[in-house]
Amino acid sequence: MDMAAKFQDQTVFHMTGKRSGDGLAALQAGFRPALLAAYRDLTRLRYDYPVVLLDRDAGTEYVKSLSSVIGELIADIAPRGIEGERLRKHLLRLEREMRVLLAAGTAGTLTEVWPLAADKAAGRDDNVREILTRAVESLDVDGEVLNCEGALASRFLTRAWQNVHAERAAQFRALVDKLLRKLSDILRAAHVHSQAGQQPSALRSGFGSLHSDIFDFSAMYRLVARNVPLDELPPQRRQRIEWALSVLRSQPFYPDPKGSGVEAAYEYVFSDCATAIEAHRTRLPKLVEVVKAIAVAELEARGGYVEADHDAFFEGYEEHALTADDLAQFPDYLVCIPPDRNAAPENAALMEMLSAGMPVKVLVQHTDLLEDATIGQGHFAFGVRSARLATTAMGLGGMFVLQSTSSNLYALRDQVRRGMGCRGPALFSVFSGSPEGASDLPPYLTAAAAMKSRAFPAFTYDANAGTNWATRFSFENNRNPADDWPVEEFEFADEDLQRVRGPVRFTYADFALCDRRHAHHFAVIPRDRWTTAMVPAADWLELSEREASERVPYILAVDGADQLHRVIVDSRLLQATRRCLLLLHRLQEHGGIHNSHAEQALAREKAAWEEQKQQEIEALKQTAVPAVPTTATETAVAAATTAVVAEAADAAPPPSDEPWIETIRCSSCNECQNINDKLFAYNENKQAYIKDVNAGTYRQIVEAAEACQVAVIHPGKPKNPNEPGLEELLERARPFL
């Protein structure tokens, strides 16, 4: 088959997704992106997972990786020399066996899984088994051991919440216990100085039993009880103090386990928003009562309660009077929404709950970033409900937002805890890996691929961290954050068994290849049909419309036998890849990367500098030639004439065959730029115009016209008569011509 025929078949698949002719094989099970070829067996690698969720709080530390636990143990008990090296190898072999057990489904705490792994690591060597059994006694940590799988995110964040909860509980109990002691001391002192406190029985108890038989307490009573008041405390003050004591002793938010008369402790961990909202509403009056009791107790403890000033204030103290400092003393609610209930009715109030400032931390887990659109022409929706949830919440402001994949949670463990401890609401949006049955890869790899491909980049937003984006937003742990796609060195053997090494970029299309449900977007090309017209998908996306029409995009993949293949990507998936880049560019701007405002300001300054230098050069050239005088009136007339001509040129539409936009009527809805930001752009008034008609397709222009909220885009006639589906597109464009 000649080169032209090969190119034609490949181009047809790229444009339509339909295979015609030979040499376009379907994507089979076992294929994976070439950059993931080295990760066939994760149990042989030492990386962040599994993790140990510590069962005892060690300050702010609540989780450790298994690798760090074993590493610290080796440093503590392995001596220098041959014996130490032998012990180190035994412990590393045990660590690997533990990974194998956990990957096979074994569950339990570190000390429960340890002996199982020790048996496998020792084999028939009883000596090694005894050494490993003794080694576990040197561990100073224990807790549930978890692999990077579906349940990780919920348990990881719950443990972080428990760590923060324990810290707050200790602080709250210390405050309340101090107030209880001070108020009790006030009542005790008042009792001692009252008639009841001077009774013979009270005097006897105050002396103790050692010398009680040598004193006549009845006579002592007659001496000391003269002019003693019935009660040293005014009735209203005693009533306030006793009320505050009663409320603080029985409060159910952080109950004292040794106390009596304590109300049942509240639960704070829920699986849906509706239940959490109802619990908060129900408990709010009790919370107001406890806050009021603390305030009264503090005033009474320092003798600062003035009835004329404070009675009216506390009489009207209700929910609206609560401050952020008040709420920060009490537990936050934790809502861990199961992945299959994200769109359930009981979670419909998620955004309302967050925007209202409710003290709640919410985990939303995603397992599918490759959702097809439910309306329109069947284009990829690029996971609108998942990939954009965190950015939508970030736009509401006033909260903490963290987006990450489960593979990156351990790396962001400090940020997770910071979010759990922040004042106000927090949203944790986590991609936990592809749904079961959708991929041959383990959840850790699909989660890592989602982050690496920019499908689900990691970032944090903390509204309390400062007053600008530089202090609030952080583009966390993303590889090559300033680039469109991360770059890795890839090495393989060619057909002559010669080593080939070069850079490969990991794109959104590579991530989609990990999901077998979208195999129809790919066609495998055998080596004998590779052509010079084929270019990597990342390079193809940077081409102009004319250049792209002469090339076929592909990505590198390996099959189950690690044979390298080129895999063509269809246009629908590449359209989703472009949209992925648009979202990435917005996040980059928030993080100060390629900030358009800064770049425009820099360009203006550079242009002004160049203009100034040019003027200086011209001035030097004309020093010997007198300048021709020009009156101010002539200059003003010329400038006005130029402005009028320019305005008239902007207002007049181009010929009917050319696409054009009524720029002055643009509402800045951003729909056209979401489709192709190289074809459409904004002017200085943030109103759209056609930047480069050759940078997009007629289909994109028609889609933009349909999406435009004020119908100001006029598609004109197609420039490429060979563009697929023109008959349908012309019919759709008719209302906008």
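Criteria and cut-off values
- Residues numbered from 1 in each chain as written.
- Predicted model: local features only at pLDDT ≥ 70, side-chain atom pairs only at ≥ 80, totals over all residues.
- Heavy atoms only, no water.
- Helix = DSSP H or I, 4+ residues; strand = E, 2+ residues; numbered from the N terminus.
- Buried < 20%, exposed > 50% of the residue type's maximum accessible area, 1.4 Å probe, protein only.
- Areas by Shrake-Rupley, 256 points an atom, 1.4 Å probe, with all protein chains shown as cover.
- Phe/Tyr/Trp six-rings, centres within 6.5 Å; stacked < 30°, edge-to-face > 60°.
- Lys NZ or Arg CZ within 6 Å of the ring centre and 35° of its normal.
- Axes fitted to C-alpha atoms, helices over the stretch in contact; angles between N-to-C directions.
- Parallel < 35°, antiparallel > 145°, perpendicular 65-115°, else oblique.
- Left-handed = near helix turned anticlockwise from the far one by under 90°.
- Contact = heavy atoms within 4.5 Å.
- Expected span 1.5 Å × (residues − 1).
- Pairing = 2+ DSSP bridges.
- Lys, Arg positive; Asp, Glu negative; His and termini not counted.
- Salt bridge = Lys/Arg side-chain N within 4 Å of Asp/Glu carboxyl O.
- Polar contact = N/O pair within 3.5 Å; in protein donor to acceptor, adjacent residues only side chain to side chain.
- Arc of directions from axis to C-beta.
- pLDDT = per-residue confidence, 0-100.
- Nonpolar A, V, L, I, M, F, W, Y, C, P; charged D, E, K, R; others polar.
- Right-handed = clockwise from strand over helix to strand, strands pointing away.

## A word on the overall build of the protein
- Each helix and strand counted, the protein has 27 helices and 21 strands in total.
- Per-residue burial over the protein gives 44% buried out of 737 residues.
- Accessible area of the protein: about 37,700 Å², with a carbon and sulfur share of 52%.

## A short note on the packing of aromatic side chains
- In this structure the tally under the stated criterion is 23 aromatic pairs.
- With 5.4 Å between their ring centres and 45 degrees between their planes, Tyr461 and Trp469 make a pair best called tilted.
- The class of Trp469 is partly exposed, set by a relative accessible area of 38%.
- Taken together, Phe172, Phe253, Tyr254, Tyr266, Tyr268, Phe270, Phe330 and Tyr333 form an aromatic cluster joined through their ring pairs.
- One Lys or Arg, Arg283, reaches over the ring of Tyr268 and ends 5.2 Å from the middle of that ring.

## Focus on the packing of helix H2 (residues 66–77) against helix H3 (residues 82–103)
- Running from N to C, H2 and H3 cross one another at 160 degrees; their axes reach a closest spacing of 10 Å. Comparing the axis directions of H2 and H3 gives the class roughly antiparallel. Helix-helix and strand crossings are classified by hand; for H2 and H3 the assignment is right-handed. Side by side, H2 and H3 meet where Leu66, Ser67, Ile70, Leu73, Ile74 and Ile77 of the first sit next to Leu87, Arg88, Leu91, Leu92, Leu94, Glu95, Met98 and Arg99 of the second.

## Quick look at helix H22 (residues 571–590)
- An ideal rise of 1.5 Å per residue puts 28 Å on 20 residues; H22 measures up with 29 Å between its terminal C-alpha atoms.
- Following H22 by one or two positions, Gly592 has its phi on the positive side, about 80 degrees.

## A short note on the sheet that holds strand E7 (residues 360–366)
- Read across the sheet, 7 strands follow the order E5-E6-E7-E9-E8-E10-E11 without closing on themselves; strand pairing throughout is mixed. If you trace the sheet from one side to the other, it starts and ends with strand E5 (269–270) and strand E11 (473–474), each paired once.
- Pairing geometry for strand E8 (residues 400–405) and strand E9 (residues 426–431), over 6 bridges, is parallel. Bridged to Val401 within E9 is Leu427.

## Notes on unusual backbone geometry
- The linkage connecting Tyr49 with the following residue, Pro50, adopts the cis geometry, with an omega of 5 degrees.
- At Asp562, a position not held by glycine, the phi torsion is positive, near 65 degrees.
- As for its position among the elements, Asp562 is in the loop between strand E16 (552–558) and strand E17 (564–569).
- The phi dihedral of Lys686 is positive, around 60 degrees, even though this residue is not glycine.

## With respect to the side chain of Asp326
- Its location among the elements puts Asp326 in helix H12 (residues 324–328).
- Buried charge without a salt bridge: Asp326, with Arg423 as the nearest opposite-charge side chain at an N-O distance of 9.0 Å.
- Reaching out from Asp326, the side chain makes a polar contact with the backbone nitrogen of Thr323 at a distance of 3.0 Å.
- If we skip the residues at most four places from it in the chain, Asp326 touches Val291, Tyr317 and Ala321.

## Things to note about the pattern of salt bridges
- On inspection of all chains with the given rule, the structure shows 43 salt bridges.
- One salt-bridge network, held together by shared partners, links Arg237, Arg240, Glu300 and Glu307.

## Here's the deal with H2
- The terminal C-alpha atoms of H2 lie 17 Å apart, and with 12 residues this matches the ideal 16 Å at 1.5 Å per residue to within 8%.
- Looking only at H2, the buried set comprises Leu66, Ser67, Val69, Ile70, Leu73 and Ile74. Viewed end-on, H2 has its buried residues packed into an arc of 165 degrees, placing them on one side of the element. Turned more than 90 degrees off the buried face of H2, the exposed positions are Ala75 and Asp76.
- In this structure, the buried side of H2 is in contact with strand E2 (51–58), strand E3 (61–65), H3, helix H4 (110–122) and helix H5 (126–135).

## Regarding the environment of Pro255
- Looking at the element boundaries, Pro255 is found in the loop between helix H9 (235–250) and E5.
- Here Pro255 falls in the partly exposed class, since its relative accessible area comes to 26%.
- Separated by 11 residues in sequence, Pro255 and Tyr266 have C-alpha atoms that sit 9.2 Å apart.

## A short note on the confidence of the model for the protein
- Taken residue by residue, the protein gives an average pLDDT of 85. The fraction at 70 or more is 86%.
- Note that residues 373–384 has pLDDT below 50 and, in this model, 35 contacts with residues that lie over four places away or in other chains.

## A few points about the sheet that holds E3
- Reading across the sheet, the 3 strands line up as E3-E2-E4 and stay open at both edges, with antiparallel pairing between neighbours. On the outer flanks of this sheet lie E3 and strand E4 (143–146), each paired with one strand and no other. The mean inter-strand angle of the sheet, taken between neighbouring strand axes irrespective of direction, is 25 degrees.
- Note: E2 against E4, 4 bridges, orientation antiparallel. Pairing of Val51 across the sheet is with Leu146, part of E4.

## Here we look at the pairing of E17
- The buried fraction of E17 is high, at 6 of 6 residues.
- Side chains Leu564, Arg566 and Ile568 of E17 all project onto a buried face; the interleaved residues His565, Val567 and Val569 project onto the opposite face, where all are buried too.
- Sheet topology places strand E14 (residues 522–525) next to E17; 4 bridges connect them, and they run antiparallel. Across the sheet, Ala523 pairs through a bridge with Ile568, a residue of E17.
- As defined by bridge partners, E16 adjoins E17 across 5 bridges and the pair is classed as antiparallel.

## Considerations on the side chain of Asn147
- Secondary-structure assignment places Asn147 in the loop between E4 and helix H6 (152–192).
- Sequence-distant contacts of Asn147, defined by excluding residues within four places in its chain, comprise Tyr47, Tyr49, Pro50, Arg99, Leu102, Ala103 and Leu152.

## Points about the packing of H4 against H5
- Running from N to C, H4 and H5 point in directions that differ by 155 degrees, and their axes come no closer than 9 Å. Between H4 and H5, the angle is such that the two are roughly antiparallel. As H4 runs across H5, the sense of the crossing is right-handed. Between H4 and H5, the contacting residues are Trp114, Ala118, Asp119, Ala121 and Ala122 on the first element and Val128, Arg129, Leu132 and Ala135 on the second.
- Among the residues forming the contact of H4 with H5, the class breakdown is 7 nonpolar, no polar and 2 charged.

## So, the pairing of E8
- Counting buried positions over the 6 residues of E8 gives 6, a clear majority of the element.
- Residues Phe400, Leu402 and Ser404 of E8 are buried on one face, and the alternating residues Val401, Gln403 and Thr405, pointing to the opposite face, are buried as well.
- Viewed along the sheet, the connection from E8 through helix H16 (residues 413–421) into E9 turns out right-handed.
- Here E8 runs beside strand E10 (residues 459–462); their pairing, made up of 4 bridges, is antiparallel. Residue pairing for E10: Leu402 is matched across the bridge by Thr460.

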